[in-house]
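Remarks on the overall topology
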Amino acid sequence: MDYEISLSEDKSIVLIRVKKHLTTQMALTFTKEAVGLAEKYKINRYLIDIRGIRNTWSVFETYQFAQDINKYGRQRLDKVALVIDPEDKTHTFLETALVNQNYNNYLFKDYDKAIAWLKEE
């Protein structure tokens, strides 16, 4: 499997760990699966661990992804933390495109800080 979806120990966050090159279709697929799990547990917080994965999407692919993600269950009020490598700047435009569509997501270079942000009220 190219990714794993699980719950945090306290069942308050859906965890997604991407293991291989990330395509827009894979991201949409795991979004739909993760939303299904989140609905089952009545949560709306997600951590997507993409450390070690560089973003190679074109500007058009990124923009289209930000337009399409709501069709896969993503809600604008969902809290989503994307954890990246400290030196990785390839996901910056993705964050910008999603924020421009009024999605509540941010890039983090520290896993623990991402968890802390997700647990904030």
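A brief report on the enclosed structure follows. Note that the structure is predicted; figures quoted are calculated from it, not measured. (Residues numbered from 1 in each chain as written. Predicted model: local features only at pLDDT ≥ 70, side-chain atom pairs only at ≥ 80, totals over all residues. Heavy atoms only, no water.)

1. Observations concerning the environment of phenylalanine 30
Relative to the elements of secondary structure, phenylalanine 30 occurs in helix α1 (residues 24-41). Residue classification places phenylalanine 30 among the buried positions, given a relative accessible area of 3%. Along the primary structure phenylalanine 30 and arginine 45 are separated by 15 residues, whereas in three dimensions their C-alpha atoms are 14 Å apart. With sequence-adjacent residues up to four places away left out, phenylalanine 30 is seen in contact with Tyr3, Ile5, Ile16, Val18, Leu22 and Ile48. (Helix = DSSP H or I, 4+ residues; strand = E, 2+ residues; numbered from the N terminus. Buried < 20%, exposed > 50% of the residue type's maximum accessible area, 1.4 Å probe, protein only. Contact = heavy atoms within 4.5 Å.)

2. With respect to the pattern of salt bridges
Two side chains with opposite charge may pair up if their charged atoms get near one another. In this structure the tally under the stated criterion is 10 salt bridges. Here aspartate 2 makes a salt bridge to lysine 20, at a shortest N to O gap of 3.8 Å. One end of the pair, aspartate 2, is in the segment before β1 (3-7); the other, lysine 20, is in the loop between β2 (14-18) and α1, with 18 residues separating them in the sequence. Judged by relative accessible area, which is 49%, lysine 20 ranks as partly exposed. Between arginine 54 and aspartate 85 there is a salt bridge, with the nearest N and O atoms lying 3.5 Å from each other. With arginine 54 in the loop between β3 (45-49) and α2 (59-68) and aspartate 85 in the loop between β4 (79-83) and α3 (92-100), the pair connects residues that are 31 residues apart, well separated along the chain. Overall, arginine 54 belongs to the partly exposed group, its relative accessible area being 36%. For aspartate 85, a relative accessible area of 16% corresponds to the buried category. (Salt bridge = Lys/Arg side-chain N within 4 Å of Asp/Glu carboxyl O.)

3. A short note on the packing of α2 against α3
One can describe the packing of α2 onto α3 by two numbers: an axis separation of 9 Å at closest approach and a directional angle of 35 degrees. You can see that α2 and α3 cross each other, and the crossing is right-handed. Contacts between α2 and α3 involve Val59, Thr62, Phe65 and Ala66 from the former and Phe93, Leu94, Ala97 and Leu98 from the latter. Residues that form the contact of α2 with α3 fall into these classes: 7 nonpolar, 1 polar and no charged. (Axes fitted to C-alpha atoms, helices over the stretch in contact; angles between N-to-C directions. Left-handed = near helix turned anticlockwise from the far one by under 90°. Nonpolar A, V, L, I, M, F, W, Y, C, P; charged D, E, K, R; others polar.)

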